[in-house]
Amino acid sequence: MEIYVVKSGDTVYSVARRFGISPERLVSDNDLSSQRELALGQSLLILRPQVIHTFQPGDSLFMIAQRYGTTVNRLYQNNPSLIGHEYIDIGTQIVIEFEDPPTKTAEVSGFVYGYANLRILETALPYLTYLILFGYGFTEDGSIITLNDSDIISLAHRYGTSVLLSLTAINVDGSFGSGKIESLLTNMEFQNKVISNMIKMILQKGAQGLDLDIEYVPPQFREEYAAFAENARSQLEPLGLVLHVDLAPKVSAYQKGTLYEAHDYALLGAAANYVFLMTYEWGYTYDHSGYM
């Protein structure tokens, strides 16, 4: 695998010929919309197939994966053009293995809203370990504000992607409010009720865990927020469920602001199974000058 930077005069055909791969492969691996002119300075991923299988009558991805000692999901990852297609034409060539296969693995998470375009989401699912569904809220009596996300969950599981339900301080009308956060962090009866109801929702939806995306926690509740996360994990783990905690992007442990001060990296990192650094928040929160 290598990266090639497009130079003046390059085309899909000339680059493919240069590296000994097909133009169709170059287009597929780089999600190019067509085989028209490339942009000067554009970076292209060059993957050289090592083992190729040609579809025969009676073949299925499952049978091919078994034959070559791999997984259907790996076949999707190696051949993005197959994603979303129930039937594959006889004679189609698919890559079983590339030269220089990956030497390391990574766990990858991604957020999705309940109104996401399923066709676009499907193209990403073979590459995701966790899909985080945003966002479940809670009411003043501890009930859970749910989502209509059964189609998303079903699609994620089709590709072996684990689903996490994201708990946040969202209200029924879609607005965000911190008024309920103090009760959640200081009233143990209320806290346990919310956790219990979220676990019931996770099991009901067939999800694999909980994601905490509680922002604007008052700074004085820094330790209480970490304790809440630890309490949630202690109730999730016996059921085989995991806990993610989302962290606001900080450049210092002493960074001021209600978005940051209660997000103690050390405490929350110790409390959760995984943490998710929300670096995209810089784009939401800051203008070009870097000030709120």
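All of these numbers come straight from a predicted model, not from anything done at the bench.

Draft legend 1. Fine view of the packing of aromatic side chains. The final tally for this structure, using the stated rule, is nine aromatic pairs. An angle of 85° between the planes, with centres 5.2 Å apart, marks the rings of F111 and F276 as edge-to-face. Taken together, the residues span a long stretch of sequence, with F111 in strand β5 (residues 109-113) and F276 in strand β11 (residues 274-277) at a distance of 165 residues. Relative accessible area serves as the criterion here: at 26%, F111 is assigned to the partly exposed category. For F276, a relative accessible area of 16% puts it in the buried group. These aromatic residues form a ring-pair network of at least three members: F111, Y113, Y115, F134 and F276.

Draft legend 2. View of helix α6 (residues 150-158). Buried residues of α6: I152, I153, L155 and A156, and no others. Down the axis, α6 shows its buried residues gathered within 165° of arc, on one side only. Turned more than 90 degrees from where α6 packs its buried face, D151 and R158 sit exposed. Of the surrounding secondary structure, the elements contacted by the buried residues of α6 are β5, α5 (118-124), β6 (130-138), β8 (162-167) and α8 (188-205). Looking one or two places after α6, you find G160, whose phi comes out positive at around 75°.

Draft legend 3. Spatial organisation of the nonpolar core. By size, the foremost hydrophobic cluster in this structure holds 59 residues, and its most contacted members are L165, L167, L210, L212, Y225, L243 and V245. Take this core: its biggest share by element is seven residues, from α8. In this structure L167 touches Y136, G137, F138, V194, M198, L210, D211, L212, D213, I214 and F228, once residues within four positions along its chain are discounted. Counting 13 residues, the second largest nonpolar core, distinct from the first, contains L26, V27, L38 and L44.

Draft legend 4. Local environment of the environment of A124. Structurally, A124 can be placed in helix α5. The exposure class assigned to A124 is partly exposed, which follows from its relative accessible area of 31%. Placed 85 residues apart in sequence, A124 and G209 show a C-alpha to C-alpha distance of 20 Å.

Draft legend 5. The layout of surface pockets, seen in detail. Put simply, the second largest pocket is a space of about 440 Å³. As for the second largest pocket, its lining consists of 19 residues, and the residues nearest its centre are R25, N79, S81, T92 and Q93. Secondary-structure elements contributing two or more residues to the lining of the second largest pocket are α2 (23-29), β3 (49-54) and β4 (93-98). A per-class count over the lining of the second largest pocket returns eight nonpolar, eight polar and three charged.

Quick notes on the rules
Residues numbered from 1 in each chain as written. Predicted model: local features only at pLDDT ≥ 70, side-chain atom pairs only at ≥ 80, totals over all residues. Heavy atoms only, no water. Phe/Tyr/Trp six-rings, centres within 6.5 Å; stacked < 30°, edge-to-face > 60°. Helix = DSSP H or I, 4+ residues; strand = E, 2+ residues; numbered from the N terminus. Buried < 20%, exposed > 50% of the residue type's maximum accessible area, 1.4 Å probe, protein only. Arc of directions from axis to C-beta. Contact = heavy atoms within 4.5 Å. Core = buried A, V, L, I, M, F, W, Y, C linked by side-chain atoms within 4.5 Å. 1 Å grid on protein atoms, 1.4 Å probe; cavity = no way out; pocket = protein on both sides within 12 Å on 5 of 7 lines; lining within 4 Å. Points joined across faces, edges and corners; volume = space filled by probe spheres on them. Nonpolar A, V, L, I, M, F, W, Y, C, P; charged D, E, K, R; others polar.

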